[in-house]
Protein chains: 2
Amino acid sequence: MKVLITGGAGFLGRRLAMQLLARGTLSGPDGTPQPIDRLTLLDIVPAEGITDPRVACVTGDIADPAVTRGLIDAGTGSVFHLAAVVSGQAEADFELGYRINLDGSRAVLEACRAAGSRPRVVFTSSVAVHGGDMPAVVQDDTALNPQSSYGVQKAIGELLLSDYTRKGFVDGRILRLPTVSVRPGRPNKAASSFASGIIREPLNGEEAVCPVPPDTSLWLLSPRKAVECLIRGHELPSDALGRQRAINLPGLSVRVDEMVAALRRVAGEEVASRIRWEPDAAITRIVASWPGAWNPARAEALGLSGDSGFEAVIRAYMEDELGRPA
Amino acid sequence: MKVLITGGAGFLGRRLAMQLLARGTLSGPDGTPQPIDRLTLLDIVPAEGITDPRVACVTGDIADPAVTRGLIDAGTGSVFHLAAVVSGQAEADFELGYRINLDGSRAVLEACRAAGSRPRVVFTSSVAVHGGDMPAVVQDDTALNPQSSYGVQKAIGELLLSDYTRKGFVDGRILRLPTVSVRPGRPNKAASSFASGIIREPLNGEEAVCPVPPDTSLWLLSPRKAVECLIRGHELPSDALGRQRAINLPGLSVRVDEMVAALRRVAGEEVASRIRWEPDAAITRIVASWPGAWNPARAEALGLSGDSGFEAVIRAYMEDELGRPA
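In this report, we go over the structure that sits alongside the text. In this convention, every chain numbers its residues from 1, walking through the sequence in written order. As a convention, the first chain written is A and the first ligand written is 1, with the rest following in written order. Local features in a predicted model are, by the rule used here, given only for residues with pLDDT of at least 70; side-chain atom pairs are given and counted only at 80 or more, and totals for whole chains, interfaces and linings are based on all residues. The side-chain values count all of the structure's non-hydrogen atoms but skip hydrogen atoms and water molecules.

### A short note on the nonpolar core
In a soluble, globular protein the nonpolar side chains are often hidden away together inside.
Logical step 1: In this structure, Ile 198, Phe 310 and Ile 314 of chain A together with Phe 310 and Ile 314 of chain B are the most contacted members of the largest nonpolar core, which totals 140 residues.
Logical step 2: Sequence-distant contacts of Ile 314 of chain B, defined by excluding residues within four places in its chain, comprise Ile 199, Leu 203, Met 259, Ala 262, Leu 263 and Val 266 of chain B.
Logical step 3: The next biggest cluster of nonpolar side chains, apart from the first, holds 36 residues, and it includes Ile 50, Val 122, Val 227 and Ile 231 of chain A. Only buried residues count toward a nonpolar core. Its members are Ala, Val, Leu, Ile, Met, Phe, Trp, Tyr and Cys residues joined through side-chain atoms within 4.5 Å. A simple rule labels every residue: compare its accessible area, found with a 1.4 Å probe on the protein chains alone, to the largest value its type can have, and call it buried under 20%, exposed over 50%, or partly exposed in between. Contacts are assigned to residue pairs that have any heavy atoms within 4.5 Å of one another.

Spelled out as structure tokens, the structure:
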């Protein structure tokens, strides 16, 4: 069976690829385990450091229908559609956001429809589909009310995936990811980039800027758990989801000052003191529009789980990315 | 000021055009009344029977960006975006529905963005954006959960119009129309076509088929009131809507057997006996997925009103379309 990861050179895409290669199988469209014969990683840059013979790295524009049609055919059993322009960039570059996040998602879905193999499609959505007047804890049936272009584009992707699923063109699963923290690497243009930066940079001996007030609540999931949820979400029987294809993934509701306190406990005062507080109105507005928590009951009933605490998340980051047990 | 009606040759579009020509003015982007110097009616067929010198009838494909860009410029103050492939047709022809209802709406919004005049855009949405597990009476914050491709396309249109409004590219107003009944003319491919046909055809001496069970609840608005709401919705100050650009228009919650009873009272037993009950599973499924009522409190607070009763709706139809007072 062929498997495609869009955004395959990204941080989550690469981690997911490694896990899939280690597993070796995934449930096929009929629900039975199938060997992964070919794993294609599509991105705008080549995925680095993956040398498995089953892997093909393809660079291309996901919004170009010729690209997606060339990568999805009757042998494609699974698509993990992670490619996206991140929140801050989609807000700053209106056209790019719609081209990648809307046209790109449509191109993936249209290629699946044309292929006719009814692949399982895992689509990563976001806290950003919620916003405006919300209950303190967002429920599964809380109305989507995105307050950013990124959130609108993710909400549209959800609607499309649900309709393509209802029509039998794909078997879609929408996983609404909390903010993923702690991400390795460098800051990006996501409005939530600081949620990793304020942990990662101080641990690397660098200063980090926190652009939101200390009492800002975030809903977080660690990279390990995010990848685990992507695979478990893929493996769920289609009937377990019914007509509601979206799942709010479990997260940790943590205030930014609690994150810093956890860093201080794990790594000490000197590390924690490398955070500078410089409120940024634009970032604060976007982040404050997201829910600080949602009810993860449905996800947990489906066997998807989050992290036990933010200290453990920091320790896992240090193990996985810095190679030093904390 | 230039005004554009997409779907201008359709039944609501033509009625709206007549009303606008009679008024002669609309609020411009800055809120002050402006004369309507030019009223363009875009449709796939020419609008018939409108000879006012201010009117330009244009036939063209709304999903072709060259068409919409050619009709919307810096002088455009208002767009009534009514053009759509109806529910039954969008369900039967997947590609056509997405092309007209999604690509067409985007083409209109992109042309407005390019024009830079920040026009008021009135977008007609639908009961069909709701569905699935709903409260008995849908509230303003009930989650959109469309169960048809048409409903998905309308929900996407709503999200886009809200985002373009938030970004300042247009001043959008989304009016969620109840099922409009009684429409004149012939049956169309809307799943709700029967909601007019079971009144119109018997009054014309013809047999009508009712494809849904007698106890099906519908949420109805008359053509007169629908056009009135489109204009009032346009005239609302932008601030009155705030961030929530969608308004659930007031309607009448009526069961199909109550509609027939009203017809019997207005026109007699012989007329009412011309209805044949032939349940159609596909139509029943779509119609049953729509809400039978929603809370119109916000619309009413904004000065938008519905009909007083279905008998009065039938009488208004007879006056307006048959030229005979009932």
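### A short note on the environment of Asp 140 of chain B
Residues and elements named next belong to chain B.
Logical step 1: Structurally, Asp 140 can be placed in the loop between strand E7 (120–126) and helix H5 (149–166).
Logical step 2: The class for Asp 140 is partly exposed, based on a relative accessible area of 27%.
Logical step 3: Residues Asp 140 and Asn 295, 155 residues apart in the sequence, show an inter-C-alpha distance of 7.1 Å. Starting at the N terminus, helices and strands are each numbered in turn, a helix being any DSSP run of H or I of at least four residues and a strand any DSSP run of E of at least two.

### Concerning the interface of chain A and chain B
Note on interface size: it is often stated as the accessible area lost on association of the parts.
Logical step 1: Of the residues lining the interface, 29 residues belong to chain A; the matching set on chain B comes to 29 residues.
Logical step 2: Defined in terms of a 1.4 Å probe, buried area is the accessible area two parts forfeit on being brought together, summed over both. Summed over both sides, the interface of chain A with chain B buries roughly 2500 Å², with 53% coming from carbon and sulfur.
Logical step 3: By definition here, a salt bridge exists when the distance from a side-chain nitrogen of Lys or Arg to a carboxyl oxygen of Asp or Glu is within 4 Å. The interface formed by chain A and chain B includes 8 salt bridges.
Logical step 4: Ionic pairing is found between Arg 106 of chain B and Asp 103 of chain A, a salt bridge with its closest N-O pair at 2.5 Å.
Logical step 5: Pairs of N or O atoms within 3.5 Å make up the polar contacts considered here, provided that, within protein, one atom can donate a hydrogen while the other can accept it, and that residues adjacent in sequence are counted only when both atoms are side-chain atoms. On inspection of chain A and its partner chain B, the count reaches 16 residue pairs in polar contact (both at pLDDT 80 or more).
Logical step 6: Those elements giving two or more residues to the side of chain A that touches chain B turn out to be helix H4 (94–115) and helix H5 (149–166) of chain A.

### A word on the side chain of Arg 298 of chain B
Residue and element names in this part refer to chain B.
Logical step 1: With respect to the helices, strands and loops of the structure, Arg 298 is situated in helix H12 (residues 297–301).
Logical step 2: Within the structure, Arg 298 has its side chain in polar contact with the backbone oxygen of Gln 244 (distance 2.8 Å).
Logical step 3: If we ignore the near neighbours within four places in the chain, the residues touching Arg 298 are Asp 140, Ala 240, Leu 241, Gln 244, Ala 246 and Ile 247.

### Points about the relation of the copies chain A and chain B
Taken together, a rotation about one axis and a shift along it account for how the two chain copies relate.
Logical step 1: Mapping chain A onto chain B calls for a rotation angle of 180° and an axial translation of 0.0 Å; the resulting RMSD is 0.0 Å. Taken together, the rotation angle and the small translation identify this as a two-fold axis. Relative to the rotation axis, the C-alpha of Ala 143 of chain A is the closest in chain A, positioned 1.8 Å from it.
Logical step 2: Comparing interface residues between copies, 100% of those in chain A also lie at the interface in chain B; the contact surface is shared. We superpose the copies by least squares over the C-alpha atoms of residues that have a pLDDT of at least 70 in both of them.

### What to know about the packing of H4 of chain A against helix H4 (residues 94–115) of chain B
Logical step 1: Where H4 of chain A contacts H4 of chain B, the two axes come as close as 14 Å, and the packing angle between them is 170°. When the axis of H4 of chain A is compared with that of H4 of chain B, the two are roughly antiparallel. In contact with Phe 94, Glu 95, Tyr 98, Leu 102, Asp 103, Arg 106, Glu 110 and Arg 113 of chain A of H4 of chain A, H4 of chain B contributes Phe 94, Glu 95, Tyr 98, Leu 102, Asp 103, Arg 106, Glu 110 and Arg 113 of chain B.
Logical step 2: Each residue gets one label: Ala, Val, Leu, Ile, Met, Phe, Trp, Tyr, Cys and Pro are nonpolar, Asp, Glu, Lys and Arg are charged, and the others, such as Gly, are polar. Considering only residue class, the contact of H4 of chain A with H4 of chain B consists of 6 nonpolar, no polar and 10 charged. To get an axis, a line is fitted to the C-alpha atoms, and for a helix only the part in contact is used. The angle between two axes follows their N-to-C directions and goes from 0 to 180 degrees. By the definition adopted for this analysis, an angle is roughly parallel if under 35 degrees, roughly antiparallel if over 145, roughly perpendicular if from 65 to 115, and oblique otherwise.

### Examining the environment of Glu 48 of chain A
Residues and elements named next belong to chain A.
Logical step 1: Tracing the backbone shows Glu 48 in the loop between strand E4 (38–43) and strand E5 (55–59).
Logical step 2: Its relative accessible area of 62% is what places Glu 48 among the exposed residues.
Logical step 3: Between the C-alpha atom of Glu 48 and that of Gly 10, which follows or precedes it by 38 residues, the distance is 9.6 Å.

### Concerning the packing of aromatic side chains
Logical step 1: By convention, a stacked pair of Phe, Tyr or Trp rings (six-membered ring in the case of Trp) has centres within 6.5 Å and planes under 30 degrees apart, an edge-to-face pair has planes over 60 apart, and any other such pair is tilted. Counting across every chain of the model gives 12 aromatic pairs over all chains.
Logical step 2: Here the aromatic rings of Phe 94 of chain A and Phe 169 of chain B are separated by 4.8 Å at their centres, their planes lie at 75°, and the arrangement is edge-to-face. On the criterion of chain membership, the pair formed by Phe 94 of chain A in helix H4 and Phe 169 of chain B in the loop between H5 and strand E8 (171–177) is interchain, its members lying in two chains.
Logical step 3: Both rings, one in Tyr 164 of chain A and one in Tyr 98 of chain B, keep their centres 6.3 Å apart while their planes meet at 45°; by these two values the pair is tilted. Taken together, the positions of Tyr 164 of chain A in helix H5 and Tyr 98 of chain B in helix H4 put the pair across two chains.

### Side note on H4 of chain B
Residues and elements named next belong to chain B.
Logical step 1: One fewer than the residue count of a helix, multiplied by 1.5 Å, yields its expected span. With 22 residues, H4 ought to run about 32 Å at 1.5 Å a step, and its terminal C-alpha atoms sit 31 Å apart, in line with that.
Logical step 2: In this scheme, the bend at a residue equals the angle between the axes fitted to the seven residues that finish there and the seven that begin there. Along H4, the largest kink reaches about 25° and is centred on Asp 103.
Logical step 3: Count one or two residues on from H4 and you reach Gly 116, which has phi positive near 80°.

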